[in-house]
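Observations on the three-dimensional arrangement
Residue strings, one per chain:
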Amino acid sequence: MELQSTLQAIQDTRVATMIRESGLAFPTLESLHVLGIALVFGTIAIVDLRLLGYASHRRSAHRLIKELLPFTWIAFAVCVATGLLMFISNAITYAENSFFWWKMGALLLAGLNMGVFHLGVYRRIDEWDVSLPPPSGARAAGVGSLALWTLVIFLGRWIGFS
Amino acid sequence: MSSQSLIAWLYGSPVSTTIRDVLWIVPTVQSVHIMAIAVIFGSAVISDLRLAGVLATDEPLDVVVRRYFPWMRNALIVLLVTGLIMTAGEPDRVLNNTTFWLKMALVVSVFSLTWLVRRPLLRHTADTRSFASDYRIKPLAWLSILLWCVVIFCGRWIAYTI
């Protein structure tokens, strides 16, 4: 009940009401969300494939990661901002949608996978920076990341169909 | 046969009915479509930014372009196939939609542009240094990125326009 009234209050805010009632706001947010996803998944996939041992446009894994990570983070911020605005416009409906929560769970796992990589094998990247194939820890992180982000995209698309 | 009766025939065909009736087909095909958008857009952004002279400028132009072009071409094939399945499921709504045809015209334009700009590098016919000094390359690279963004917006807007 407490949660329900909070969600109701969220979708009664002026911003949420405006998004819900304007014909342009929601498709614009969706388009920006897809644009962000394309850049998040596109840049992450390039790094993941390098972690799996597929040569990229440069040999150094460390420099590749440093070069692409700013794109990933900016695009991810766009996805979070647009996702949040879509959520508040229909907070109660989204909160009742099980695919929405599965997607949040998959995002959390993708974040954990990245955290494990950064605290683990990434700390020793100077040792395997230019070696192919990369160590098993890096390859595991690459496979995990590709699988989890694919899951995020599928679950995200399914939210609209349930 | 007029185009409207062709659309009606397509709508009534077993393939079209199956796409509409089997609930998992459309969300799955759309998810694959988004994955392919990520591959084509990610590859476009990285290689066009290299062409524009703002990313990975220490790596040879032709190496970067040749690394990403096959991914763009293969992603385009996946996009056409998944797009065709979505169109077959709702030919009435898609083929009568102005935004859809605008999107198709933009896809043809931006992919032709992508290919024409990269062709000398892909065929090894260009001296990379003289190619890079061509004053048209940089603005065309930025134009490509912009056009891909418009394509993504049009894609989402098909669902909201007539």
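So, how was this worked out
Residues numbered from 1 in each chain as written. Chains lettered and ligands numbered in written order. Predicted model: local features only at pLDDT ≥ 70, side-chain atom pairs only at ≥ 80, totals over all residues. Heavy atoms only, no water. Helix = DSSP H or I, 4+ residues; strand = E, 2+ residues; numbered from the N terminus. Buried < 20%, exposed > 50% of the residue type's maximum accessible area, 1.4 Å probe, protein only. Contact = heavy atoms within 4.5 Å. Buried area = accessible area lost by both parts, 1.4 Å probe. Salt bridge = Lys/Arg side-chain N within 4 Å of Asp/Glu carboxyl O. Polar contact = N/O pair within 3.5 Å; in protein donor to acceptor, adjacent residues only side chain to side chain. Nonpolar A, V, L, I, M, F, W, Y, C, P; charged D, E, K, R; others polar. Axes fitted to C-alpha atoms, helices over the stretch in contact; angles between N-to-C directions. Parallel < 35°, antiparallel > 145°, perpendicular 65-115°, else oblique. pLDDT = per-residue confidence, 0-100.

1. Points about the overall build of chain B
A count of helices and strands for chain B gives eight helices and zero strands. For chain B, the N- to C-terminal ordering of α and β elements is α-α-α-α-α-α-α-α. The principal-axis extents of the C-alpha atoms in chain B amount to approximately 55 × 30 × 25 Å. A buried classification covers 47% of the 162 residues belonging to chain B.

2. A word on unusual backbone geometry
Along the chain, A:Leu132 connects to A:Pro133 via a cis peptide bond; the corresponding omega equals -5°. Along the polypeptide, A:Pro133 turns up in the loop between helix H7 (125-128) and helix H8 (136-159). Even without a glycine there, the phi angle at B:Ala56 is positive, about 50°. As for its position among the elements, B:Ala56 is in the loop between helix H3 (25-51) and helix H4 (61-89).

3. Overview of the environment of A:Leu7
Residues and elements named next belong to chain A. With respect to the secondary-structure elements, Leu7 resides in helix H1 (residues 2-12). By relative accessible area, which is 7% here, Leu7 ends up buried. As a C-alpha pair, Leu7 and Trp158 span 151 residues in sequence and 22 Å in three-dimensional space. Setting aside residues no more than four positions away along its own chain, Leu7 makes contact with Phe87, Ala91, Ile92 and Ala95.

4. Comments concerning the interface of chain A and chain B
At the junction of the two partners, chain A supplies 30 residues and chain B supplies 31 residues. Counting the surface lost from both chain A and chain B, the interface buries some 2900 Å², and carbon and sulfur atoms represent 76% of this. Interface area lost by chain A to chain B is led by A:Leu35, A:His57 and A:Arg157, which between them contribute 21%. The interface formed by chain A and chain B contains four salt bridges. Salt-bridge contacts for B:Glu59 lead to A:Arg58; the nearest nitrogen and oxygen are separated by 3.5 Å. At the boundary of chain A with chain B, the tally comes to eight residue pairs in polar contact (both at pLDDT 80 or more). For the side of chain A that touches chain B, the elements supplying multiple residues, two or more each, are helix H3 (25-52), helix H4 (61-89) and H8 of chain A. The dominant element in the side of chain A that touches chain B, judged by the number of residues it contributes, is H3(A), at 15 residues. Of the residues assigned to the side of chain A that touches chain B, the class counts are 19 nonpolar, six polar and five charged.

5. Let's talk about the side chain of B:His33
You can see B:His33 is positioned in helix H3. The exposure class of B:His33 is buried, given its relative accessible area of 12%.

6. Some points on the packing of H1(A) against helix H2 (residues 14-21) of chain A
All names here are of chain A. Orientation of H1 relative to H2, taken along the N-to-C sense of each, is 70°, at an axis distance of 5 Å. When the axis of H1 is compared with that of H2, the two are roughly perpendicular. In this structure, H1 contributes Ile10, Gln11 and Asp12 to the contact, and H2 contributes Arg14, Ala16, Thr17 and Arg20.

7. Notes on the confidence of the model for chain B
Model confidence for chain B is summarised by a mean pLDDT of 94, while 98% of its residues fall at 70 or above. The ipTM, which scores confidence in the relative placement of chains, is 0.94 for this predicted complex, and the corresponding pTM is 0.95.

8. Notes on the pattern of salt bridges
Evaluated as defined, the whole model comprises nine salt bridges over all chains. Between B:Asp48 and B:Arg118 there is a salt bridge, and its shortest N-O distance comes to 3.0 Å. On the criterion of sequence distance, the pair formed by B:Asp48 in helix H3 and B:Arg118 in helix H6 (residues 98-122) is long-range, its members being 70 residues apart. Judged by its relative accessible area of 1%, B:Asp48 falls in the buried class. Connected via shared salt-bridge partners are A:Arg58, A:Arg63, A:Glu67, B:Asp58 and B:Glu59.

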